Amino acid sequence: MTLSFGRPYLAIPGPSVMPDRVLRAMHRPGPNIYEGELVEMMPDLIESLRTVARTRHNVAIYIANGHGAWEAALANVLSPGEKVLSLCTGRFGHGWTEMAEALGAQVQIEDFGLRAPVAPARVEAALLADPDHSIRAVLLTHVDTSTSIRNDVAAVRAALDAAGHPALLLVDCIASMGCDRFEMDAWGVDVAITASQKGLMVPPGVAFVFFSEKAAQARTKVTRVSRYWDWTDRANPKVFYQYFGGTAPTHHLYGLRESLDMIAEEGGMEAVWARHAQLARVVWAAFEAWASEGPLELNVADRTHRSCAVTSVRIGAPNGTALRRWTEEKAGITLGIGLGMNTDEDPDADGFFRLGHMGHLNASMVMGALSSIQSGLIALGIPHGPGALDAAALVISEA
Ligand SMILES: *Cc1c(COP(=O)(O)O)cnc(C)c1O
């Protein structure tokens, strides 16, 4: 029989779980887009977004998904033919790279594979090999959602500084913002991007680009920026519609206001990061126990390089796909596919799955997810180490 009836649980990892409060805030008639409440809520909304990104600098909003934020960031700082250094630790790093290539940039890729973080020494060496400073921007994915590798942004900043290189540091925080600690200003990030549907707990459809004064300066040197992607008016609007380059994403803005209020009520970013870190340790305790026997293996061996928002797991084909199907059909939880993990022997990445643990998530949800995975391992006869659920419960009890 199936035990999947009840509230479905999407743990794929993004879009993440949407809080009822966010959904309720969106469930309303259309507001006036010329004056009144919606227009008046913008200054506070921008201020709250700055708090989440830990920046005093500029915010531009786009009606877009994360791919839109990728393009927006690049379009404002690069002219065709200019050089970019792209640091890749998974599918999303390569995706942003391809976007830069499509915009006509000359991209130099430093690929760190699928299981290790960016090595700052290699970044420094690549920048030192560019003595005339033709590299305009360095692209870094904070958390690559495909591999669950978390990169050390401050260490990459230090590598730019050590090389004395003036390139802008652009960071994809789509999976990490609101989950893993990220300090835009303190870490010397010039452009940080995110989207609504992950740590911000709002349906997909709005994306954010945060940019420093140095990045704003770089924008003035770019000869042509498409009217839609140009961040200048969006960050300094004289009229309300300029925030969005057209009609506002009305209902998303109400949902976002609610989610930002929820973050503040929890105690702000420190509290949100601490919850994610503790729940990640719960997840890791279980996976490390399962991994002690049988085919299951965490993609990232070292805890210090793992994201607190998503966990990528190797389990051998066809176990990954079988387990995902089982948990969805029998337990009502949808796990993530093995994105960018396909090989010649496993063309559909059937040997991988991911567990999202970002955003609107508490201890009982994590235990529900882990227990469902345990049930699936048993039902499918996939060998695994003992004690995973006890180990997870212990970490919760210590919180
Ligand atoms: C989800 C994600 C993206 C892509 O976002 P879309 O909304 O699917 O366009 C890019 N980078 C990272 C790190 C992500 O997690």
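Residues numbered from 1 in each chain as written. Predicted model: local features only at pLDDT ≥ 70, side-chain atom pairs only at ≥ 80, totals over all residues. Heavy atoms only, no water.

## Describing the pattern of salt bridges
Thought 1: Counted under the stated rule, the structure contains 23 salt bridges.
Thought 2: One salt bridge connects Arg54 with Glu183, and the closest N-O pair in it is separated by 3.0 Å. Of the two residues, Arg54 sits in the loop between α3 (42–53) and β2 (58–62) while Glu183 sits in the loop between β8 (168–172) and β9 (191–195), which places them 129 residues apart along the sequence.
Thought 3: The class of Arg54 is partly exposed, set by a relative accessible area of 26%.
Thought 4: With a closest N to O distance of 3.0 Å, Arg54 and Glu270 form a salt bridge. In this pair, Arg54 is assigned in the loop between α3 and β2 and Glu270 in helix α11 (residues 269–290), connecting sequence segments 216 residues apart.
Thought 5: With relative accessibility at 39%, the residue Glu270 sits in the partly exposed group.
Thought 6: Each of Arg54, Arg181, Glu183 and Glu270 takes part in salt bridges that share partners, so that together they form one network. (Salt bridge = Lys/Arg side-chain N within 4 Å of Asp/Glu carboxyl O. Helix = DSSP H or I, 4+ residues; strand = E, 2+ residues; numbered from the N terminus. Buried < 20%, exposed > 50% of the residue type's maximum accessible area, 1.4 Å probe, protein only.)

## Some points on the domain arrangement of the protein
Thought 1: Once the domains are mapped, the protein shows domain 1 (9–16 + 268–397) and domain 2 (31–264).
Thought 2: Facing 32 residues of domain 1, the contacting portion of domain 2 comprises 30 residues.
Thought 3: Together domain 1 and domain 2 conceal approximately 2,600 Å² of surface at their shared face, both sides included; 57% is due to carbon and sulfur atoms.
Thought 4: Looking at the side of domain 1 facing domain 2, the largest losses of area belong to Met269, Trp273 and His305, adding up to 24% of the total buried there. (Domains from an automatic or database assignment. Contact = heavy atoms within 4.5 Å. Buried area = accessible area lost by both parts, 1.4 Å probe.)

## A look at the side chain of Asn319
Thought 1: Its place among the elements puts Asn319 in helix α12 (residues 319–331).
Thought 2: A polar contact is formed between the side chain of Asn319 and the backbone oxygen of Ile315, at a distance of 3.0 Å. (Polar contact = N/O pair within 3.5 Å; in protein donor to acceptor, adjacent residues only side chain to side chain.)

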